[in-house]
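Coordinate inspection notes
Residue-level listing of the chains:
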Amino acid sequence: MRIRPSVVPGRAVARRSPAPRASALLARAAFAFAVLASLALAPTAAAQFTCCNPWVDVGGALPGTHGAPLLELSGSMAPGTVVTLDMENALELAPTYLILGFGQIGVPFQGGVLVPQPDVIRLFVTDGNGRLGFAVTWPGVPAGTEVVLQAWIEDPVGPFGYAASNGVSGLGPEDPPPGAFPADWVNGSDCGNEPEIQVQQYDENTYILRQSMCTDFEGPFMFLLFGQDEVLLYDTGAGGIPIANVVNAVIADWKAAHGNPSLDLLVAHTHSHGDHVAGDGQFQGMPDTTVVGTSATAVMNFWGFQDWPNDTVQRDLGGRVLDVLAIPGHQAAHIAIYDHETALLLTGDTLYPGFLFIFGAVSQDNFAKYRASIQRLVDFTADKPVQWVFGTHVEMTSTPGVAYPYGTSNQPNERDPQLLRAHLLELNAAVQAMGANPQVEVHDDFIIQPSG
Ligand SMILES: [Zn+2]
């Protein structure tokens, strides 16, 4: 039987103190155990992970009857995700103290080494095969916090009647730096005064641009990400705006503020619909500039996908690494970009506060592709900080569940464009529940809009 306790840290701040004596450790252990034993067991939701593992083996095992017990953890350290713990090679049906700490102490203990600072201790019993395994819903820890676990097993072969597993250490993800949004985005309500393109400096090396809805009702957002070797312009707008002039001016300012380095310009796209690529022509033939093509094949080849849409590829702008995911569904050449520097997840027309159009949902099997793409985004971000999920339009009003009619070009009360990973999880739950039966579904912050 698998037991599923809820792990709740006893203290969330790593502590430095002299190595305590064993008797003090035992006293503290008894106290910590009493505290933990009072916690209620809670069931966990199922979740899947396909990516990286933050847990590392830090050694310190003390062999027992079956040699060194092996402890392994897997799963993300993002809050609300599922972490699984497995231990093998321990004595059968043996009382086992699982010790969790917010840091390592590595002091001699019972003839071995106590690896974690003993902040939380819980008693289990190994099964008939000398194994211990369970899953917990990870509560999340402050950024940069180290979490260390080790199991101590009652085993007569151990020097003082105990064997111990190796220690396992995980480091919580660092918080991404905050960025800046404007008090108001241009929203088509003041066409006599608002600029055709609003340029918002999000942080030192990141700009978010918005095309005025006075020039095109789509009012798309565009992104300018600076690395040391290359600057990425992600989308070129819906047309009718001097996007190249504005982008060149921003690049010139950035270069002047950074010692005038040479910088290549990469022009790429969230996807190939006209309101995201219309400005491409202004960049064709510019020096030191690459304009990525708009066909799915061109997109695959440029970014270097080998197994579209399943593989994730990277591009290094020079000290700034982007992960690029294929997310077809809204459109065949759609990609998402995760920027490690800002922890922004740029989702294009696949997720934004508005109508999430999935054309040819059944007739072209696009809903199935969309559903799989959303799941991939969820899996990919399971172990990464996500500061904001940022798409390319806003069509929701500031009233939950209420959108402007599609085509509106004056949106004085529009919702903020940025979303959270929680919205991605909400979207995923909704589209997975629909299965093969896509339908229009209104949520507070987006509207799932399959057709065809
Ligand atoms: Zn589109």
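Here the structure is a predicted model, which is why all the values come from computation and not from measurement. (Residues numbered from 1 in each chain as written. Predicted model: local features only at pLDDT ≥ 70, side-chain atom pairs only at ≥ 80, totals over all residues.)

The strand order across the open sheet built from 3 strands is 2-3-8, with neighbouring strands paired in antiparallel fashion. Looking at which strands have only one partner, the edges of the open sheet turn out to be strand 2 (70-74) and strand 8 (132-137). Pairs of neighbouring strands in the sheet enclose a mean axial angle of 15°, with direction left out of account. One ladder, built from 5 bridges, connects strand 2 with strand 3 (residues 82-88); its direction is antiparallel. From the neighbouring strand, Leu73 faces strand 3, where its bridge partner is Leu85. (Pairing = 2+ DSSP bridges. Helix = DSSP H or I, 4+ residues; strand = E, 2+ residues; numbered from the N terminus. Axes fitted to C-alpha atoms, helices over the stretch in contact; angles between N-to-C directions.)

Time to look at the environment of Ala326. Inspection of the secondary structure assignment puts Ala326 in strand 19 (residues 321-326). Given 25 C-beta atoms within 10 Å, Ala326 falls into the buried group. Along the sequence, Ala326 and Ser373 sit 47 residues apart, while their C-alpha atoms lie 7.4 Å from each other. Dropping the residues within four chain positions of it, Ala326 is found in contact with Phe305, Trp308, Pro309 and Ile335. (Buried ≥ 20, exposed ≤ 12 C-beta atoms within 10 Å, placed from the backbone. Contact = placed C-beta atoms within 7 Å.)

Generally speaking, soluble globular proteins have nonpolar side chains that are buried together. Of all hydrophobic cores here, the largest spans 72 residues; its most connected members are Leu233, Tyr234 and Ala336. Ignoring sequence-local partners within four residues, the contact set of Leu233 consists of Met222, Leu224, Val247, Leu265 and Val267. Counting 37 residues, the second-largest nonpolar core is a separate cluster that includes Trp55, Met77, Phe109 and Trp138. (Core = buried A, V, L, I, M, F, W, Y, C linked by C-beta atoms within 7 Å.)

Averaged over every residue, the pLDDT of the protein is 88; the share at 70 or more is 86%. Note that pLDDT drops below 50 for residues 1-20; the model gives that stretch 47 contacts with residues more than four away or on any other chain. Below pLDDT 50 for its whole length, residues 31-52 participates in 38 contacts with residues either more than four positions away or in separate chains. (pLDDT = per-residue confidence, 0-100.)

As a further point, take the environment of Glu395. Note on placement: Glu395 falls in the loop between strand 23 (388-391) and strand 24 (418-419). Separated by 13 residues in sequence, Glu395 and Thr408 have C-alpha atoms that sit 8.1 Å apart. Apart from the residues lying within four places of it in its own chain, the contact partners of Glu395 are Pro353, Gly354, Phe355, Ala403, Tyr404 and Tyr406.

The strand order across the open sheet formed by 6 strands is 18-19-20-21-23-24, and the pairing between neighbours is mixed. Of all strands in the sheet, those bounded by a partner on one side alone are strand 18 (312-316) and strand 24. Pairing of strand 21 (residues 344-348) with strand 23, which is carried by 4 bridges, proceeds in the parallel orientation. From the neighbouring strand, Leu344 faces strand 23, where its bridge partner is Trp388.

What follows covers the pairing of strand 14 (residues 221-226). When you tally the buried positions in strand 14, you get 6 out of 6 residues, the bulk of the element. Here strand 14 shows no split at all, with Phe221, Phe223 and Leu225 on one side and Met222, Leu224 and Phe226 on the other all buried. Looking at chain direction, strand 14 and strand 15 (residues 230-234) are connected through 4 bridges and run antiparallel. Across the sheet, the residue bridging to Leu225 is Leu232, located in strand 15. Here strand 14 hands over to strand 15 after 3 residues, the two strands then running antiparallel side by side.

What follows concerns helix 2 (residues 243-257). Note: α-helices contain 3.6 residues per turn, so residues at a spacing of three or four share the same orientation. The terminal C-alpha atoms of helix 2, which comprises 15 residues, lie 21 Å apart, in line with the 21 Å expected from a rise of 1.5 Å per residue. Residues of helix 2 that are buried include every one of Ile243, Ala244, Val246 and Val247, and no others. Summarising the axial view, the buried residues of helix 2 lie within an arc of 165°, below the 170-degree limit, and thus occupy one face. Along helix 2, the residues that are exposed and aim more than 90 degrees away from the buried face are Asn245, Ala249, Ala252 and Ala256. As for helix 2, its buried residues are in contact with strand 12 (197-203), strand 14 and strand 15. (Expected span 1.5 Å × (residues − 1). Arc of directions from axis to C-beta.)

Before going further, it helps to spend a moment on the packing of helix 5 (residues 366-381) against helix 6 (residues 421-434). It is the contact of helix 5 with helix 6, at a shortest axis distance of 9 Å, that shows an interaxial angle of 140°. By the angle between their axes, helix 5 is oblique relative to helix 6. Handedness of the crossing formed by helix 5 with helix 6: left-handed. Contacts between helix 5 and helix 6 involve Tyr370, Arg371, Ile374, Gln375, Leu377, Val378 and Thr381 from the former and Arg421, Leu424, Leu425, Leu427, Asn428, Val431 and Gln432 from the latter. Residue composition of the contact of helix 5 with helix 6, by class: 8 nonpolar, 4 polar and 2 charged. (Parallel < 35°, antiparallel > 145°, perpendicular 65-115°, else oblique. Left-handed = near helix turned anticlockwise from the far one by under 90°. Nonpolar A, V, L, I, M, F, W, Y, C, P; charged D, E, K, R; others polar.)

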